[in-house]
Amino acid sequence: MICLNYCKRLLIAAICLALIQVPAAAQTDIDGIMMTKNNFCSGLMYSYSNWTNYWEGKLKRENLNLGRVTTQMIGVMGNYGITNKLNVLFSLPYVTTKASAGTLHGMEGVQDLSLYVKWMPIEMKMGNGDFTAYAIGGYSLPVTNYAADYLPLSIGLRSRNIYLRAMADYQLGRFFVTGSGTYVQRSNITIDRTAYYTTEMHLTNKVDMPDAASFNFRAGYRFGGIIAEAVLDNWTTLGGFDITRNNMPFPSNEMNATRLGVNFKYEIPAVQGLSVIGGGNYTIAGRNMGQATTANGGIFYILNFNGKKSATKPSSSKTN
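Residues numbered from 1 in each chain as written. Predicted model: local features only at pLDDT ≥ 70, side-chain atom pairs only at ≥ 80, totals over all residues. Heavy atoms only, no water.

Trainee: What is the right way to read the pairing of strand β3 (residues 59–62) from this model?
Mentor: Successive side chains on a regular strand alternate, one facing one side of the sheet and the next facing the other. Where strand β2 (residues 53–56) meets β3, 4 bridges bridge the pair, whose relative direction is antiparallel. Its bridge partner lying in β3, N53 is registered against E62. Connecting the antiparallel pair β2 and β3 is a turn made up of 2 residues, with G57 showing a positive phi of about 65 degrees. (Pairing = 2+ DSSP bridges. Helix = DSSP H or I, 4+ residues; strand = E, 2+ residues; numbered from the N terminus.)

Next up, the structure:
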């Protein structure tokens, strides 16, 4: 499941790339599963996203000077169980962008390092099911000097972000629902020009970045080594402005997206600790965003530093 949450990280990266393509599900800081104490899960994820239509403000249109914009991402991520109720997670993606038409060149490079602490303070019986609540804090920062002011082909927005998330999960038998809300505080950034226009003239290279909020709802089947879920995800920028007519997007634009998708995870019975994941999502509504279709897949392995028994057999349905 750490893997399914990683896909969430990819979603976030995709949102950051969105019009670009805009911020993501692999192992995760956004699912109701904890890594067992002294277990470490790590693996690789691949994501492919593309769009031809996008929202310029509320106006949905296409741009023949861009054609089809594609983003590919390879990411490494991991989750370590300090205790059964406290996990630390990381992810680091390598991103490549490309436009099929026009003169803009694509970009590629290592994007942002993300670190998360996931705490499960509440675990209790509720009715015939199991209820758990989580508090998650995270921080991300760019690790290379990529250009943010090159949308929609920049590989990211270069802000340093603080993530504060509350999450609840309820499992009844083999079926579950999980909901979460996240506040994202974003730092201001600097760009390579000393003057720019938003809704007014700015004679500086500093850009005020609006904060953002995201909501995630997922429901599905979770039993043994199989997870299958449907996911509804929303990212809303708390401020910013619309892309002006026929202009390029800007890092402090208001970028909103609602996505609907599916994820799965399957543990390989023949190799203890090995699992594969996959999924996809489609942007069903947006503002200053590309209407992207995204597919992803990955492979993960759990190392058990307890030195005994299985690393993958859960002590409960909510522990990996």
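Trainee: Sorry if this is basic, but what is going on with the nonpolar core here?
Mentor: The nonpolar side chains of a soluble globular protein tend to be buried, and buried together. Membership of the largest hydrophobic core comes to 14 residues, with the highest contact counts inside it found for I189, I191, Y196, V207, M209, F250 and M289. The contacts of Y196, once residues within four sequence positions are left out, are I191, M201, H202, T204, K206, V207 and F250. With 11 residues, the next largest nonpolar core counts L89, M120, I136 and V184 among its residues. (Core = buried A, V, L, I, M, F, W, Y, C linked by side-chain atoms within 4.5 Å. Buried < 20%, exposed > 50% of the residue type's maximum accessible area, 1.4 Å probe, protein only. Contact = heavy atoms within 4.5 Å.)

Trainee: Explanation requested: the environment of A133 in the structure shown.
Mentor: Here A133 shows up in strand β8 (residues 129–142). Since its relative accessible area comes to 14%, A133 is described here as buried. As for A133 and A168, which are separated by 35 residues in sequence, their C-alpha atoms are 4.4 Å apart. Every residue in contact with A133, bar those within four places of it in the chain, is listed here: W119, M120, P121, I122, M167 and A168.

Trainee: Quick question: what am I supposed to make of the pattern of salt bridges here?
Mentor: Under the defined criterion, the tally for this structure stands at 11 salt bridges. One salt bridge in this structure joins R222 and D169, with 2.9 Å as the shortest N-O distance. Of this pair, R222 sits in strand β15 (residues 212–223) while D169 is found in strand β9 (residues 161–172), placing the two residues 53 residues apart along the sequence. When its relative accessible area of 3% is taken as the criterion, R222 is described as buried. Here K265 ties to E267 by a salt bridge, and the two come within 3.5 Å at their closest N and O atoms. The pair K265 / E267 is uniform in exposure class, with both members buried. Through salt bridges with shared partners, one network takes in E56, R61 and R245. (Salt bridge = Lys/Arg side-chain N within 4 Å of Asp/Glu carboxyl O.)

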